[in-house]
Amino acid sequence: MWYWVKTSRFVRWLFPHFVWKMPAGEQLVYLTFDDGPIPGVTDWVLEQLEQFQAKATFFCIGENVNRHRTVYDKIRAQGHSIGNHTQTHANGWKTDSSLYIQEFEDCQKQLDTKTTLFRPPYGKIRRSQRKQLEKLGTRIIMWDVLSADFDTQISPENCLENVLNNIEDGSIVIFHDSLKAEKNLRYALPRTLEFLQQKGFKAVALAQTCS
């Protein structure tokens with residue numbers, strides 16, 4: 001399986017309409033979690049974040065929100081940001097644009113909050129889809145560092161190295177609060193939070209609405 005662990009400057013330059021990283025200068029890092037909420041996994045993530053007084057952004061799948069409303073409500077109650085990750089984890093490259101926008105809108109209804117944050121599943125989205133979402137006031141959030149916790153072929157130690165070797169001021173980091181990623185996540189997340197604390201970084205959530 002091939003993927004970028006650290007998004008290159010060239011890629012960020014090539015696709016300037018996406019948010020890859022936040023401005024540096026304040027020792028802030030933006031942890032994000034895709035694909036939840038999932039009982040047990042998301043609950044554990046919330047416990048870890050609370051222990052380190054960290055805030056994060058959860059890009060939720062609408063179907064999972066509908067199935068696990070209690071866990072979703074806990075995310076919101078603890079002051080974390082919410083983002084849209086489509087209703088069924090739709091791949092933009094394989095989905096008709098009208099259906100893709102419907103996926104976005106269906107998820108928005110489940111989220112029951114006026115978030116402007118959207119992350120395309122797999123990072124795959126067509127130009128036409130991006131333009132339609134931008135007309136709706138949406139900010140498309142990509143990433144600066146990919147933990148690759150979803151990759152069952154890497155070890156938990158490798159997952160942690162992906163993060164610690166690449167994280168910096170302003171980084172947007174992807175984890176997944178999913179069953180597939182759980183083994184790597186449980187190893188890497190607490191150690192990442194400890195590292196950030198030791199290095200003087202603060203983990204904060206992305207703003208849910210445009211200024």
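As the structure is a computational prediction, the values presented were derived from the model and not from experiment.

K.L.:
In this structure, what is going on with the overall build of the protein chain? I would like to understand it.
P.N.:
Check the secondary structure of the protein chain and you find eight helices and eight strands. Over its C-alpha atoms the protein chain spans a radius of gyration of 16 Å, differing by no more than 12% from the 17 Å that the globule rule assigns to 211 residues. The buried share among the 211 residues of the protein chain stands at 56%. In the protein chain, of all internal contacts separated by at least 6 residues, the share reaching a separation of at least 24 is 78%. Accessible surface, the protein chain: about 10,200 Å² in total, of which carbon and sulfur atoms supply 50%. Looking at the protein chain, you have 26 positive and 24 negative side-chain charges, and the mean spots of the two groups are 6 Å apart.

K.L.:
Even after reading the chapter, I still don't get the packing of aromatic side chains, so can you show me in this structure?
P.N.:
Applying the stated criterion across every chain, the model contains nine aromatic pairs. With a centroid separation of 5.7 Å and an interplanar angle of 20 degrees, the aromatic rings of Phe-33 and Phe-175 are classed as stacked. With Phe-33 in strand S1 (residues 28-34) and Phe-175 in strand S7 (residues 172-176), this residue pair connects regions lying 142 residues apart in the sequence. Phe-33 sits in the buried class, given a relative accessible area of 0%. You can call Phe-175 buried: its relative accessible area is 0%. Each residue in the set Phe-15, Phe-18, Trp-20 and Trp-143 is aromatic and connected to the rest through ring pairs, giving one cluster.

K.L.:
In this structure, what is going on with the nonpolar core? I would like to understand it.
P.N.:
General note: in soluble globular proteins, nonpolar side chains tend to be found buried as a group. With 53 residues, the main nonpolar core has Leu-31, Phe-33, Leu-49, Phe-58, Phe-175 and Leu-189 as its most contacted residues. Here this core takes six residues from helix H8 (residues 182-198), the largest share from any one element. Leave out the neighbours within four places in its chain, and Phe-58 touches Phe-33, Thr-42, Val-45, Leu-46, Leu-49, Ile-75, His-80, Ser-81, Ile-82, Gly-83 and Asp-177.

K.L.:
Quick question: what am I supposed to make of the pattern of salt bridges here?
P.N.:
Proximity of charged atoms lets side chains of opposite charge pair with each other. Per the counting criterion, the structure on display carries nine salt bridges. With its nearest N and O atoms 2.8 Å apart, the salt bridge here joins Lys-74 to Asp-43. Of the two residues, Lys-74 is situated in helix H4 (residues 69-77) and Asp-43 in helix H2 (residues 41-51); the sequence distance between them amounts to 31 residues. Residue classification places Lys-74 among the partly exposed residues on the basis of a relative accessible area of 33%.

K.L.:
I'm lost on the side chain of Thr-95 in this one. Help?
P.N.:
Inspection of the secondary structure assignment puts Thr-95 in the loop between strand S3 (81-84) and helix H5 (97-111). Under the relative-accessibility criterion, Thr-95 is labelled buried at 14%. Residues within four places of Thr-95 in sequence aside, it is in contact with Ala-90, Tyr-100, Arg-126 and Gln-129.

K.L.:
Explanation requested: H5 in the structure shown.
P.N.:
An α-helical turn contains 3.6 residues, so any two residues separated by three or four positions project in the same direction. Across its 15 residues, H5 extends 21 Å between first and last C-alpha, which sits within 8% of the 21 Å expected from 1.5 Å per residue. Considered for burial, the residues of H5 that qualify are Ser-97, Tyr-100, Ile-101, Glu-103, Phe-104, Cys-107, Gln-108, Gln-110 and Leu-111. Tucked into the core, H5 has its buried residues touching strand S2 (57-60), helix H3 (62-67), H4, S3, strand S4 (117-118) and helix H6 (127-135). Positive phi appears at Asp-112, one or two residues downstream of H5, with a value of about 55 degrees.

Thresholds applied
- Residues numbered from 1 in each chain as written.
- Predicted model: local features only at pLDDT ≥ 70, side-chain atom pairs only at ≥ 80, totals over all residues.
- Heavy atoms only, no water.
- Helix = DSSP H or I, 4+ residues; strand = E, 2+ residues; numbered from the N terminus.
- Rg over C-alpha atoms; globule rule 2.2 N^0.38 Å.
- Buried < 20%, exposed > 50% of the residue type's maximum accessible area, 1.4 Å probe, protein only.
- Contact = heavy atoms within 4.5 Å.
- Areas by Shrake-Rupley, 256 points an atom, 1.4 Å probe, with all protein chains shown as cover.
- Lys, Arg positive; Asp, Glu negative; His and termini not counted.
- Charge placed at Lys NZ, Arg CZ, Asp CG, Glu CD.
- Phe/Tyr/Trp six-rings, centres within 6.5 Å; stacked < 30°, edge-to-face > 60°.
- Core = buried A, V, L, I, M, F, W, Y, C linked by side-chain atoms within 4.5 Å.
- Salt bridge = Lys/Arg side-chain N within 4 Å of Asp/Glu carboxyl O.
- Expected span 1.5 Å × (residues − 1).

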